[in-house]
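Residue-level structural notes
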Amino acid sequence: MAAAGGLRRGLLLAVPWRWRCSPRRGAAGCLPAGQVRAAFLRFFEERHGHRRLPSAPVRPRGDPRLLFVNAGMNQFKPIFLGTVHPRSELAQHRRVVNSQKCVRAGGKHNDLEDVGRDTYHHTFFEMLGNWSFGDYFKEEACSMAWELLTEVYEIPKDRLYVTYFAGDSSLGLSADEECRDVWLCLGVPASHVLPFPLKDNFWEMGDTGPCGPCTEIHYDHVGGGRNAAALVNQGSPDVVEIWNLVFMQYSREVEGNLLPLPQHHVDTGMGLERLVTVLQNKRSNYDTDLFTPILDAIHKGCGGPRYQGLVGDADVGRVNMAYRVVADHVRALCVCITDGIYPGFSGAELVLRRILRRAVRFCSEVLHAPPGLLASLVPTVVEVLGDAYPELTKNADQIMDVINENEAAFLSSLERGRRIIERTVQQMEPSTNFPAEVAWSLYGNLGFPLDLIDLMLEEKGISLDSAAFNELALEGAKRKAGGPQAGQLDDTNTHLDVHSLAQLQSNNVPATDDSPKYAYTVGQHGQYEFSPCQATVLMLYRDQSLQKEVGAGQRCGVILDRTNFYAEQGGQASDQGYMIHLGQQDILFPVESVRLCGGYVIHEVTAVETLHAGDQVQLFVDEAQRLACMTNHTATHLLNFALRHVLGDNTEQRGSHVTAERLRFDFDTKGPVTVEQLQQVEQVVQDVIKRNEVVHTAEVPLMLARRVQGLRAVDEGYPDPVRIVSLGVPVESVLTCDSEAAMQTSVELCCGTHLLQTGAMEDLAIISERQLVKGISRVIAVTGRQAKQAREAGQCLAMEVDSVSLRMKERSTSIPEMQNLSKEVGQLTKAEEKAQSVLAKHCNQPVIVDTVPADSLSILMKVVNQLCDKSPGTSVLLLSPQASGEVLCACQVSKNCLPVFSAADWAVAVCTQMEGKAGGSPVVAKGSGNAKGMQGALTAALEFAQSKLLK
C-alpha cells in the first residue's frame, strides 16, 4: 500500500490541480468537470502508458450504418474487426485513452424522447474510455479502474458494487470466474461482486462481430453502510452504473455461434456526466457544472421561474423539463454542427432537425422565450466545453447562424400549420376524425411534430384517424426502404471477416503489394501506358470463408500477392478490368470491384473456369476508366486549391467522390457562392492546366508530412509512411523547413492515382453548385471532352432562355402566356440538367438506352433532343417511370442511321413490351406503357438497336 500511496502522490503532483474530493463533501470543495476529465486522461496517459487521442467527430467515418458516433469505440472498429490497414497509424495503437463526443438520438441507441423527462438521459454526452488492443486484459483493466475510482477520485469503496458475467448454458459459455476473482483479489467484498446474465453483462457490437463478457461498476448514492446489492441493475436511481469494462474475446458468426477471437481487446466506457454527478455529490446530472451555467443562461434569457430540478407531476407546466430539454439539446446542436452535421431531411441531418425543433418548441411554448434564445446559449456551451473541444470555439458564429436560420423557418412552419389545422377543422363534418392525409402532410412536408398535432386536436375535442395515419406512415417507410442504401450489393465476397483475416496473418500470408497501381507512364505521343501485372493467387474468399479452390460460375474474392488495381478508398472509385490465367489469353475473368481490407486487396471476380490458390495470373485494368478517374482525381485537388484561393483559406474540404464520369466536392462556405466566384475558380484551374504542371508524388513519414504549411488533409486515418501529391512543386521543396511552397499550390495527403502532368486534363467545367445546408456547398464538375460539351450546352441553354425573354419583351403577353413561357424555361433547364447527367454516364456511345426521372413526356422528349444535339452521331431512347405505374418513352435516331433504323419502329418495339402504344416519324417518336414490363423493354430497346446497326 505504501507503494500505491507513493504512486498516487506522484500523480497528484503531475497534474495541475489541488483537490482531495470526496463525494461526501459539498459541491464547493469538489472537482470541476474539466478537471475530472483531465484527471482521467492523465491517469492513463502518465501513469499507465496509454496514448492520448483526440475525440473523433460525431459524424461517423466509414460506417454508413451509424447516424452518429454513439460510443468511444466507434473509431476503433477497424481494429476490433481486423480490417485496419497494417501500415496505418491506427494499427500501431496498443494502449489508448480519450474523451469521446457521443450522440444517442435516432437508430438503435435513441434517447431523444426521454431527454427532459428525467435527470440523467442526454442526446449528447462525453464517454471517457481506455482501450487495450492485444495488450493487457482483465486483471490490469480492473486494477486500473479500481485504482482511479478509489485512490485518485477518492470514492468510498463501500459505495461501489461490481458485476460480472454469470455464463449462458445455451451458448455454452461458463461464468466469467476469472473476472470475479480479479475483483476479489483487489479487495472488493464478495457481497459487492455480483453475477448477472447475458442481457446485463455480455456486450455485442451488433448482430455479428466482436463481443464478450463485461464487468460493470455501480455506485450507491445513499451509502451509510447499507448493503445495496439488491438494487444493482434494477433501475433504481439510487444505485447507478458508472463504468463498463468490456472484454472482447469472441466473435459472433452469421449462424449465431461464438468463436474465440485471435486477439483479446479491452474497451471501457464511463459517462463523464454521471461521474461528475458522483464526485460533485449531486443526484442529477443537470445539477453539475456541466449544465448549471447553461440553465442560468436560459433563466436569464426567458425571464421565467428558475430551474428547480422538478420531474413528473411535481413539474407543473413542464417548465423544469423544458429547461433540461433546451440545455441538453443546445449542447448536441453545438457539437453536431461543429462536426459537419446540419439540420436536414434525411439520416443524421433529419435527427438533428428534430432535436433543434424540439428545443425551439420548448423555448417558445413552455418557457415563452423570445426567438433567438437557443442561439444565445451557444457562447455558454463554448465556455463549458471549449477547452476540451477547441473546434467549438472556432465555429461559434457558424453554430449560431445555423440555429437562428432553422429556428426562424420552423416558427414560420408552426404558424402555417396552425392555420391549416384551423381551416381543416372548420370544413369538417361534426363528429368526424381529423383527416389522416392532412396530418401526414403537416408532418412530412412542414415537419410539424405529431404530438403537437395531437395536442391541438385534443384542445378542440377532435381525434386523429390514427389507423389511416399509421397506414400512410407505413407506406412512407416502405418507400424509404427502397432508397439508395436498400439497393446496395452484398459485399460478402470482398469484405474479409475477422477470423479470415486472423487466419491469413497466422499463416503468414503477406499483405498485397499494390504499388504497381502507380506504375504507368506517358508514351512518346502523349498517351498513357498501363503495364499488365503478373501475380500469384494466394487465397480465394467466398461465403465468408477462405478457400483454395472456386468452381466455374461462382463469384468470389481473389487475394493476390501483388496487383495494379486500385481499391476504392480516399473517395476514388475502384478500378475495373480483367485477369487471365498466364498463357491463356482467351479466357477472361472480369474484375467487377476491388476492396482493401486489413492490407489485403480483394478482387471481386466471377470465375469463368476453376480458380486455384497458386495460379499464376496477369492483370489488366480498364485503361479508359482508370485514366478518367486519374483525371478527375487530379482535378479534385486543383478544385480544392482553387476554391481556397478564391473564397479564402477558411474553405475546408468536407468530402469528395471521384468516378470516371465526374467529380463531387463538398466544402465549408460562409455564404452562397456566386456565379462570378465559380467562374474565377474555373479560371484558376484552367491556368494550371495550361501551364501543364508536373504532378509530384512521394512517400514520406507521416510526422514529417503533417509539418507542411498549408497541407490539405481530410479527417481520416493515414498510413505511415504517407503519400504526398504536390502540383508543380517537388515534394522535397515542400518538406523544406519553413517552406511556404504548399501555400501557393495544391499539396495533399492522398493514396489515389493521378495524372503525371495537369495538361492531360484539358478542361474543367463546374456543372452544378448548391448548398446542402447552410455553410456547406457541393460542387459537381466534369473534365476533358465532357467539360467542353457542358460549356456548349450552357451556351445553347442561354440562347434558348434569351429567346423566351425576347418573346416576352416583344409583345404584350397575357398572364397565362407568361405562365407558359415560365414553364417552358423551367422545362428547358430541367431537360438540360438531365441530358448532361445522362451524357456523362454514356460518354461516346453510339446508342444510349436509359431511364431518367421526368415530369412529363414533353420534358422527356426535350432531354432526348438535348442529348442528340450534344452528340450528333448518337441514337437515344429514354424511359421514365411515373408514380401512377405508367412508363413514358421517347426516342430519336441519328440521321446517319436512316433509313435502316427508324425511331417509330424502335418506340413501337419497346412500348409493345410494356403493353403500350407508340408512334412518330423515322427520326423522333414517343409512347408509353406499363411499369411491369420496363426491364424487358430496356433489353428489347438495346437488342432492337443492335440488330439494325449491325446490318
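Residues numbered from 1 in each chain as written. Predicted model: local features only at pLDDT ≥ 70, side-chain atom pairs only at ≥ 80, totals over all residues. Heavy atoms only, no water.

1. Here we look at the overall build of the protein chain
Counting its secondary structure elements, the protein chain contains 27 helices and 32 strands. Considering the protein chain as a whole, with its 951 residues, one finds that 52% of them fall into the buried category. Sequence separation of 24 or more characterises 71% of the internal contacts of the protein chain that already satisfy a separation of 6 or more. Carbon and sulfur atoms provide 50% of the accessible area of the protein chain, an area that totals close to 42,500 Å². (Helix = DSSP H or I, 4+ residues; strand = E, 2+ residues; numbered from the N terminus. Buried < 20%, exposed > 50% of the residue type's maximum accessible area, 1.4 Å probe, protein only. Contact = heavy atoms within 4.5 Å. Areas by Shrake-Rupley, 256 points an atom, 1.4 Å probe, with all protein chains shown as cover.)

2. Quick notes on the packing of aromatic side chains
Going through the model one piece at a time under the given rule, you end up with 20 aromatic pairs. For the ring pair Phe44 and Trp243, a centre distance of 6.4 Å and an interplane angle of 90° mean the geometry is edge-to-face. Of this pair, Phe44 sits in helix α2 (residues 33-47) while Trp243 sits in strand β8 (residues 239-252); the two residues are 199 residues apart in sequence, bridging distant segments of the chain. Taken as a pair, Phe44 and Trp243 share a single burial class, namely buried. Centroid distance Tyr520 to Phe530: 5.5 Å. Interplanar angle 40°. Geometry classified as tilted. (Phe/Tyr/Trp six-rings, centres within 6.5 Å; stacked < 30°, edge-to-face > 60°.)

3. Structural notes on the side chain of Asp666
With respect to the helices and strands, Asp666 occurs in strand β22 (residues 663-668). On the basis of relative accessibility, which here comes to 7%, the residue Asp666 falls in the buried class. At 2.8 Å, the side chain of Asp666 and the side chain of Arg778 are in polar contact. In this structure Asp666 touches Glu652, Gln653, Arg654, Gly655, Leu772, Ser777 and Arg778, once residues within four positions along its chain are discounted. (Polar contact = N/O pair within 3.5 Å; in protein donor to acceptor, adjacent residues only side chain to side chain.)

4. Remarks on the sheet that holds strand β29 (residues 875-881)
With respect to topology, five strands assemble into an open sheet ordered β28-β29-β30-β32-β31, the strand pairing being mixed. Looking at the sheet topology across the chains shown, the edges are occupied by β28 (847-851) and β31 (917-920). The mean angle between the axes of side-by-side strands here comes to 10°, regardless of whether they run parallel or antiparallel. Where β29 meets strand β30 (residues 886-892), six bridges bridge the pair, whose relative direction is antiparallel. In the sheet register, Pro881 faces β30, and the bridge partner there is Val887. Strand contacts of helix α25 (residues 857-870): β29, β30 and β32 (924-930), with the helix running at about 30° to β30, the strand carrying the most contacts. (Pairing = 2+ DSSP bridges. Axes fitted to C-alpha atoms, helices over the stretch in contact; angles between N-to-C directions.)

5. Side note on the sheet that holds strand β27 (residues 776-783)
Reading across from one edge, β21-β22-β27-β26 is the order of the four strands in this open sheet, with antiparallel pairing throughout. Strands with a single pairing partner mark the edges of an open sheet, and in this sheet they are β21 (653-658) and β26 (764-773). Averaged over all pairs of adjacent strands, the angle between their axes in this sheet comes to 15°, without regard to strand direction. In the packing of helix α19 (residues 623-647) onto the sheet, the strands contacted are β21, β22, β26 and β27, and the crossing angle to β22 comes to about 25°.

6. Some remarks on the pattern of salt bridges
Summed over all chains, the structure comprises 35 salt bridges. One salt bridge in this structure joins Arg361 and Glu365, with 3.9 Å as the shortest N-O distance. Here Glu365 and Arg361 lie together in helix α10 (residues 347-366), a separation of four residues that amounts to about one turn. Accessibility expressed as a relative area gives 9% for Arg361, which makes it buried. Residue class for Glu365 comes out partly exposed when judged on its relative accessible area of 25%. Here the residues in one salt-bridge network are Arg51, Glu89 and Arg706, joined through shared partners. (Salt bridge = Lys/Arg side-chain N within 4 Å of Asp/Glu carboxyl O.)

7. Thoughts on the pairing of strand β9 (residues 258-271)
Every regular strand shows the same layout, with side chains that alternate between the two sheet faces. One ladder, built from five bridges, connects strand β3 (residues 124-133) with β9; its direction is antiparallel. Its bridge partner lying in β9, Leu128 is registered against Met270. Pairing analysis gives eight bridges linking β8 to β9, with the strands arranged antiparallel. Note that in β9 the partner of Arg252 across the bridge is Leu258.

8. A word on the packing of helix α8 (residues 292-302) against helix α9 (residues 319-338)
Running from amino to carboxyl end, α8 crosses α9 at an angle of 115°, the nearest separation of the two axes being 10 Å. Taken together, α8 and α9 sit at an angle that is classed as roughly perpendicular. For the element pair α8 and α9, the recorded crossing hand is right-handed. Here α8 contributes Ile294, Leu295, Ile298, His299 and Cys302 to the contact with α9, which in turn contributes Tyr323, Val326, Ala327, Val330 and Arg331. (Parallel < 35°, antiparallel > 145°, perpendicular 65-115°, else oblique. Left-handed = near helix turned anticlockwise from the far one by under 90°.)

9. Overview of the packing of α2 against helix α7 (residues 272-279)
One way to put it is that α2 packs onto α7 with a least axis distance of 10 Å and a crossing angle of 110°. As summarised for this structure, α2 and α7 are arranged roughly perpendicular, according to the angle between their axes. For α2 against α7, the interelement crossing comes out right-handed. On the side of α2, the interface is formed by Ala33, Val36 and Arg37, while α7 contributes Leu272, Leu275, Val276 and Leu279.

10. Considering the pairing of β32
One ladder, built from seven bridges, connects β30 with β32; its direction is antiparallel. Residue Ala890 lies in a different strand from β32, and its bridge partner there is Lys926. Here β31 pairs with β32 via four bridges, running antiparallel. Across the sheet, the residue bridging to Gly919 is Lys926, located in β32.

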